[in-house]
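Chain by chain, the residues run as shown.
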Amino acid sequence: MSEATISPELIAIYIEDARSHLESLDQCLLALEREGLDHEVVAGVLGPLHTLKGNSGMIGFVAVKD
């Protein structure tokens with residue numbers, strides 16, 4: 001699917017979801033910075049990253065996916 005064929009509504013949903021995942025990432029990275037390596041926090045980073053990557057690929061945002 002190319003960016004030209006994506007509806008504005010779908011892009012709005014993607015952006016809202018991406019913001020949520022980026023906020024989660026931000027919180028996890030701040031926790032790692034404050035508290036050091038914690039395997040649960042690292043796992044908390046991987047989930048949102050994986051979802052953001054997958055959603056970006058499905059919507060055709062290859063640069064974000066990569």
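Residues numbered from 1 in each chain as written. Predicted model: local features only at pLDDT ≥ 70, side-chain atom pairs only at ≥ 80, totals over all residues. Heavy atoms only, no water.

**Q** Would you mind going over the nonpolar core with me for this structure?
**A** The tendency in soluble globular proteins is for nonpolar side chains to be buried side by side. Grouped together as the largest cluster of nonpolar side chains are 6 residues: Ile6, Tyr14, Ala18, Leu52, Ile59 and Phe61. Elements that contribute at least two residues to this core include exactly helix H1 (8-35) and helix H2 (39-59). When near neighbours in sequence (up to four residues on either side) are disregarded, tyrosine 14 contacts Leu52, Asn55, Ser56, Ile59, Phe61 and Val64. In this structure, Leu25, Cys28, Ala31 and Val41 belong to the second largest nonpolar core, which totals 5 residues. (Core = buried A, V, L, I, M, F, W, Y, C linked by side-chain atoms within 4.5 Å. Buried < 20%, exposed > 50% of the residue type's maximum accessible area, 1.4 Å probe, protein only. Helix = DSSP H or I, 4+ residues; strand = E, 2+ residues; numbered from the N terminus. Contact = heavy atoms within 4.5 Å.)

**Q** For this particular structure, what's the right way to read the pattern of salt bridges?
**A** Any two side chains of opposite charge can pair, given that their charged atoms come close. Using the criterion set out here, one finds 2 salt bridges in the structure. A salt bridge links lysine 65 to aspartate 66; the shortest N-O distance between them is 3.3 Å. Of the residues examined, lysine 65 reaches a relative accessible area of 31% and is grouped as partly exposed. (Salt bridge = Lys/Arg side-chain N within 4 Å of Asp/Glu carboxyl O.)

**Q** Would you take a moment to explain the environment of threonine 5 for this structure?
**A** Its location among the elements puts threonine 5 in the segment before H1. Sequence separation of threonine 5 and isoleucine 59 is 54 residues, and the distance between their C-alpha atoms is 9.6 Å.

**Q** What am I meant to see in H2 here?
**A** In an α-helix, one turn spans 3.6 residues; hence positions three or four apart end up facing the same way. The terminal C-alpha atoms of H2 lie 31 Å apart, and with 21 residues this matches the ideal 30 Å at 1.5 Å per residue to within 8%. Residues Val41, Val45, Pro48, Leu52, Ser56 and Ile59 constitute the buried set of H2. Taken down its axis, H2 places every buried residue within 80° of arc, on the same side. Turned more than 90 degrees away from the buried face of H2 sit His39, Glu40, Leu46, His50 and Met58, all of them exposed. Elements that come into contact with the buried residues of H2 comprise H1 and helix H3 (62-65). Structurally, the start of H2 carries an N-cap: the backbone nitrogen of glutamate 40 is 2.8 Å from a side-chain oxygen of aspartate 38. At the C-terminal side of H2, glycine 60 shows a positive phi close to 100°. (Expected span 1.5 Å × (residues − 1). Arc of directions from axis to C-beta. Polar contact = N/O pair within 3.5 Å; in protein donor to acceptor, adjacent residues only side chain to side chain.)

**Q** What's the story with H1 in this structure? I'm lost.
**A** The end-to-end C-alpha distance of H1, which contains 28 residues, comes to 40 Å, matching closely the 40 Å that a straight helix rising 1.5 Å per residue would cover. Among all positions of H1, only Tyr14, Ala18, His21, Leu25, Cys28 and Ala31 are buried. Buried positions along H1 lie against H2 and H3. One or two residues past the end of H1 sits glycine 36, with phi positive at roughly 85°.

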